[in-house]
Amino acid sequence: MKKPELWGALRARYESAAPRKLLALDGGGIRGVMTLSILKSIETQVGKKLCDYFDYIAGTSTGAIIAAGLSIGKSVDELIDFYRQTGSEMFQSTRYLARLNSLYKNGPLQQKLQEVFGQRDLKPGNLKTLLLAITQNVTTDSPWPISSNPEARYNLPDRDDCNLCIPLWQIVRASTAAPIYFPPEVIRVHPTDDSRSFVFVDGGVTPYNNPAWVLFRFATDPAYRLEWPTGERNMLLVSVGTGAAATEGASAEDPTSNMLSTGLAVPGTLMYGALVDQDMNCRAIGRCTYGEMIDREVLDMVPRIGPDEGKLEQRLARPRVPLDQDLGRSFLYARYNVDLSRKGLDALGFPNVTAETARKMDKADREHIELLVKIGAAAAKQVNVKEHFGSFAP
């Protein structure tokens, strides 16, 4: 902290050097309720609100809604209730002709976000922890992660375009403006200069639908002016997904039979690939304590004892290196997600739910929301704070 006077109500929490805990939340539409089910388990095990446990929370799209809600002090149960009560309204269909612009109305979503976040902006007095929301600036054709760090270059109070003055609800709305689904969000970053108004869409179309790696950068790189110390005892990064599964395409027996569906699936394939890549970056630089298997070559990237030889089961059965043995990595890292493949749903106890149904991001009727809550609760059994958080466990 170089300028403690900028931190206001957060000064006491951040002015002293201390181990830091980071939380990153993926995008994924209404599937964010599965994220919340996993977060509920974390909240229960750490024994306090997540804004009091995590020092920096990042989110993309639906993850930005959750991250912003947590950052103002809401409990996980309050946010689950929010999705239950407003999910179907947020995904309210537009009239037929209006669908040339978007499938869903902007008004209900905007109204609900304004109700939750009120007149708050990003100034320290309005948040209980640091927040990072991922958006895509269409005007400049670039990802715009927007942080509440009061010392960041574009957050200084003497700037006439200080990002901290942007309403919180509008930043969240920009991060959730999924192309085709919702209209874009226009944000004026200067109070009187219209030339500094920009068009934003969902942060999920950036490489940061999983914002874990960019959150690490914002917390540690000198350019962002926090420069928190790295190390396995200095930083914990927890990443939570909204469920994922690879989509099978054409087979080798008939490689052209599914070309149309393969072409239509390209955007989703690119997003899934970027999500996995961000996850792998964290596992390579950080020390993975828990995460699903990436592939048969790298497995889950959890450090294990002994040579990496033999069959898959033998490789996975090798004992893990104890967490009290420091391996010199940049942070501890745990990745929780929900396997929405046919095999994954069967393992979670949902043999009658199709993978296609579970993966829908815009099916927001109450029955489907309750189903996703239950799937998330089953997946939340993977959370073990005592084993996965090392020295950061309460």
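1. Observations regarding the overall build of the protein chain
The number of helices and strands found in the protein chain is 15 helices and 9 strands. The burial tally for the protein chain puts 51% of its 394 residues in the buried class. Contacts spanning at least 24 positions in sequence make up 70% of the contacts within the protein chain whose residues lie at least 6 apart. Total accessible area on the protein chain is roughly 17,900 Å²; 52% of this is exposed by carbon and sulfur atoms.

2. Focus: the pattern of salt bridges
Within the structure shown, the criterion is met by 24 salt bridges. The residue Glu-115 makes a salt bridge to Lys-112 at a minimum N-O spacing of 3.7 Å. Of this pair, Glu-115 and Lys-112 both sit in helix α6 (residues 106-117), 3 residues apart, roughly one helical turn. Overall, the relative accessible area of 12% leaves Lys-112 in the buried class. Arg-287 serves as the salt-bridge partner of Glu-232, at 3.0 Å between the closest nitrogen and oxygen. Of this pair, Glu-232 sits in the loop between α8 (212-220) and β7 (235-240) while Arg-287 sits in strand β8 (residues 287-290), and the two are 55 residues apart along the sequence. Both residues of the pair, Glu-232 and Arg-287, belong to the buried class. Here the salt bridges do not stand alone but share partners, grouping Arg-159, Asp-160, Asp-161, Asp-193 and Arg-196 into one network.

3. Observations regarding the packing of aromatic side chains
Overall, the coordinates contain 13 aromatic pairs when judged by the stated rule. On the basis of an interplanar angle of 90° and a centroid distance of 4.9 Å, the ring pair of Tyr-53 and Phe-54 is categorised as edge-to-face. Neither residue differs from the other here; Tyr-53 and Phe-54 are each classed as buried. Between Phe-331 and Tyr-333, the ring centres sit 6.2 Å apart and the planes meet at 80°, which makes this aromatic pair edge-to-face. For Tyr-333, a relative accessible area of 0% puts it in the buried group. Taken together through their ring pairs, the aromatic side chains of Trp-7, Tyr-14, Tyr-56 and Trp-228 make up a single cluster. Over the ring of Trp-228 we find Arg-20; its NZ or CZ atom is 5.2 Å from the centre of that ring.

4. Comments concerning the nonpolar core
By size, the foremost hydrophobic cluster in this structure holds 75 residues, and its most contacted members are Leu-23, Leu-39, Ile-42, Leu-70, Ile-375 and Phe-389. Not counting chain neighbours up to four residues away, the residues in contact with Leu-23 comprise Leu-39, Leu-50, Phe-54, Tyr-56, Ile-57, Ala-58, Leu-70, Leu-215, Val-238 and Val-240. Residues Ala-219, Met-235, Val-302 and Phe-331 belong to the second largest nonpolar core, which totals 29 residues.

5. What about the side chain of Lys-21?
By the element assignment, Lys-21 lies in strand β1 (residues 20-25). Residue contacts for Lys-21: discarding those within four places in its chain leaves Tyr-53, Phe-54, Asp-55, Tyr-56, Leu-236 and Phe-392.

6. Here we look at helix α2 (residues 32-46)
Taking 1.5 Å of rise per residue, the 15 residues of α2 would be expected to cover 21 Å, and the 21 Å separating its terminal C-alpha atoms lies within 8% of that figure. Those residues of α2 that sit buried are Gly-32, Val-33, Met-34, Thr-35, Leu-36, Ser-37, Ile-38, Leu-39, Ser-41, Ile-42, Glu-43 and Val-46. One or two steps after α2, the chain reaches Gly-47, where phi turns positive at roughly 80°.

7. Observations concerning the state of the cysteines
A disulfide bridge is the covalent bond that connects two cysteines by way of their sulfur atoms. Within the structure shown, the criterion is met by 0 disulfides. No disulfide involves Cys-282; its sulfur sits 9.5 Å from the nearest other cysteine sulfur, which is in Cys-288. A residue is classified by how much of its surface remains accessible, and Cys-288, at 1% relative accessible area, is buried.

8. A word on the confidence of the model for the protein chain
Confidence in the prediction for the protein chain averages 89 pLDDT; 89% of positions are at 70 or higher. Contacts from residues 92-104, a stretch scored under 50 in pLDDT, to residues over four places away or in other chains number 25 contacts.

9. A short note on the side chain of Thr-176
Among the secondary structure elements, Thr-176 is positioned in the loop between α7 (168-175) and β5 (185-188). Take Thr-176: its relative accessible area is 7%, and that puts it in the buried class. The contacts of Thr-176, once residues within four sequence positions are left out, are Ser-61, Thr-62, Ile-65, Leu-109, Phe-182 and Asp-202.

10. Regarding α8
Side chains of residues three or four places apart in an α-helix project in the same direction, reflecting 3.6 residues per turn. Of all the 9 residues making up α8, 8 are buried; the element is thus mostly covered by neighbouring parts of the structure. Among all positions of α8, only Ala-212, Trp-213, Val-214, Leu-215, Phe-216, Phe-218, Ala-219 and Thr-220 are buried.

11. Digging into the pairing of β1
For a regular strand, side-chain orientation follows a simple rule: the groups alternate between the two sheet faces. A large share of β1 lies buried, amounting to 6 of its 6 residues. Both faces of β1 are covered, namely the face carrying Arg-20, Leu-22 and Ala-24 and the face carrying Lys-21, Leu-23 and Leu-25. Here β1 pairs with β7 via 6 bridges, running parallel. Paired with Lys-21 across the two strands is Leu-236, which belongs to β7.

How each quantity is defined
Residues numbered from 1 in each chain as written. Predicted model: local features only at pLDDT ≥ 70, side-chain atom pairs only at ≥ 80, totals over all residues. Heavy atoms only, no water. Helix = DSSP H or I, 4+ residues; strand = E, 2+ residues; numbered from the N terminus. Buried < 20%, exposed > 50% of the residue type's maximum accessible area, 1.4 Å probe, protein only. Contact = heavy atoms within 4.5 Å. Areas by Shrake-Rupley, 256 points an atom, 1.4 Å probe, with all protein chains shown as cover. Salt bridge = Lys/Arg side-chain N within 4 Å of Asp/Glu carboxyl O. Phe/Tyr/Trp six-rings, centres within 6.5 Å; stacked < 30°, edge-to-face > 60°. Lys NZ or Arg CZ within 6 Å of the ring centre and 35° of its normal. Core = buried A, V, L, I, M, F, W, Y, C linked by side-chain atoms within 4.5 Å. Expected span 1.5 Å × (residues − 1). Disulfide = S-S within 2.5 Å. pLDDT = per-residue confidence, 0-100. Pairing = 2+ DSSP bridges.

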